[in-house]
Amino acid sequence: MINLASEAQERFLEIGVKVEISQIKAAFFEGQIHFVADKAQNSDRNLYPCIPALSEVEVFPQIRQVPTMKMFVLNEQHHVYLSRTEWVYVEVEGGKDFALVTDVTYRDMLKQKRGEKQPCAKV
């Protein structure tokens, strides 16, 4: 399952697209979250390589025409719901990578950042 920008970067390299981790965005369109390389592939500024995220099927990335006006970009302020799960695209490993995480994981990350104790698991 692809949920890290570094994993998406490896897939982009497989098709010859060199992109920095900081240039990989998570976006919601066509009912699915995709990793999009924020790097146009030719003079058409709307042609970006994208890979379906959170997919367990081995899918080679395809360069697709992605209209930016139909794309919803995810970040720490903008989340998206898929089924019953809320997804957030956040910085991890001190800014070395980015990941798609659930809102529960995101809240735990924020608590950890603030130094709050994690609640003990109830048995």
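Definitions and cut-offs
Residues numbered from 1 in each chain as written. Predicted model: local features only at pLDDT ≥ 70, side-chain atom pairs only at ≥ 80, totals over all residues. Heavy atoms only, no water. Helix = DSSP H or I, 4+ residues; strand = E, 2+ residues; numbered from the N terminus. Contact = heavy atoms within 4.5 Å. Areas by Shrake-Rupley, 256 points an atom, 1.4 Å probe, with all protein chains shown as cover. Pairing = 2+ DSSP bridges. Axes fitted to C-alpha atoms, helices over the stretch in contact; angles between N-to-C directions. Polar contact = N/O pair within 3.5 Å; in protein donor to acceptor, adjacent residues only side chain to side chain. Phe/Tyr/Trp six-rings, centres within 6.5 Å; stacked < 30°, edge-to-face > 60°. Buried < 20%, exposed > 50% of the residue type's maximum accessible area, 1.4 Å probe, protein only. pLDDT = per-residue confidence, 0-100.

## Regarding the overall build of the protein chain
For step 1, the next point in the chain: When you go through the protein chain residue by residue, the secondary structure sums to two helices and eight strands.
For step 2, the next point in the chain: Moving toward the C terminus, one meets the helices and strands of the protein chain in the order α-β-β-β-β-β-β-β-β-α.
For step 3, the next point in the chain: For the protein chain, long-range pairs separated by at least 24 residues make up 39% of all intrachain contacts whose partners lie at least 6 apart in sequence.
For step 4, the next point in the chain: Summed over its atoms, the accessible surface of the protein chain is roughly 8,000 Å², and 51% of this surface lies on carbon and sulfur atoms.

## As for the sheet that holds strand β6 (residues 80-82)
What links the strands of a sheet is backbone hydrogen bonding, and the strands pair in either a parallel or an antiparallel sense.
For step 1, the next point in the chain: The three strands lie next to each other as β6-β7-β8, forming an open sheet whose pairing is antiparallel. Where the open sheet ends on each side, the last strands, each with one partner, are β6 and β8 (97-102). When the angles between neighbouring strand axes are averaged without regard to direction, this sheet yields 35°.
For step 2, the next point in the chain: Two strands pair when backbone bridges link them, and β6 and strand β7 (residues 85-92) are joined in this way by three bridges, in the antiparallel orientation.

## So, the side chain of His 34
For step 1, the next point in the chain: Mapped onto the elements of the fold, His 34 is located in strand β2 (residues 32-37).
For step 2, the next point in the chain: A distance of 3.3 Å separates a polar atom in the side chain of His 34 from the backbone oxygen of Gln 32.

## What to know about the packing of aromatic side chains
For step 1, the next point in the chain: Inspection of every chain in the model, using the stated rule, returns two aromatic pairs.
For step 2, the next point in the chain: An aromatic cluster is present here, built from Phe 35, Tyr 89 and Phe 98 joined pairwise through their rings.

## A few points about the pairing of strand β1 (residues 24-29)
For step 1, the next point in the chain: When β1 meets β2, the two strands line up antiparallel, connected through six bridges. Residue pairing across strands places Lys 25 opposite Val 36, the latter belonging to β2.
For step 2, the next point in the chain: In this antiparallel pair of consecutive strands, β1 and β2, the connection spans two residues, and Glu 30 shows a positive phi of 55°.
For step 3, the next point in the chain: Both β1 and strand β5 (residues 72-74) contribute to a ladder of three bridges, which runs antiparallel. For Phe 28, the partnering residue across the bridge sits in β5 and is Phe 72.

## Comments concerning the environment of Met 71
For step 1, the next point in the chain: For Met 71, the position within the fold is in the loop between β4 (62-65) and β5.
For step 2, the next point in the chain: With a relative accessible area of 17%, Met 71 lands in the buried category.

## Looking at the environment of Val 101
For step 1, the next point in the chain: Residue placement: Val 101 occurs in strand β8.
For step 2, the next point in the chain: Residue classification places Val 101 among the buried positions, given a relative accessible area of 10%.
For step 3, the next point in the chain: Val 101 sits 98 residues away from Asn 3 along the chain, and the two C-alpha atoms are 7.7 Å apart.

## Thoughts on helix α1 (residues 5-14)
For step 1, the next point in the chain: Residues of α1 that are buried include every one of Ala 5, Ser 6, Ala 8, Gln 9, Arg 11 and Phe 12, and no others.
For step 2, the next point in the chain: Looking at the buried positions of α1, the neighbouring elements they touch are β1, β2, β3 (47-52), β7 and β8.
For step 3, the next point in the chain: Remark: Gly 16 follows α1 within two positions and exhibits a positive phi of approximately 90°.

## Looking at the confidence of the model for the protein chain
As a note on interpretation, predicted positions should not be read in detail where pLDDT is low.
For step 1, the next point in the chain: Summary statistics for the protein chain give a mean pLDDT of 81 and a share of 78% for residues scoring 70 or more.
For step 2, the next point in the chain: For the protein chain, the element scoring lowest by mean pLDDT is β4, at 59; β8 scores highest, at 94.

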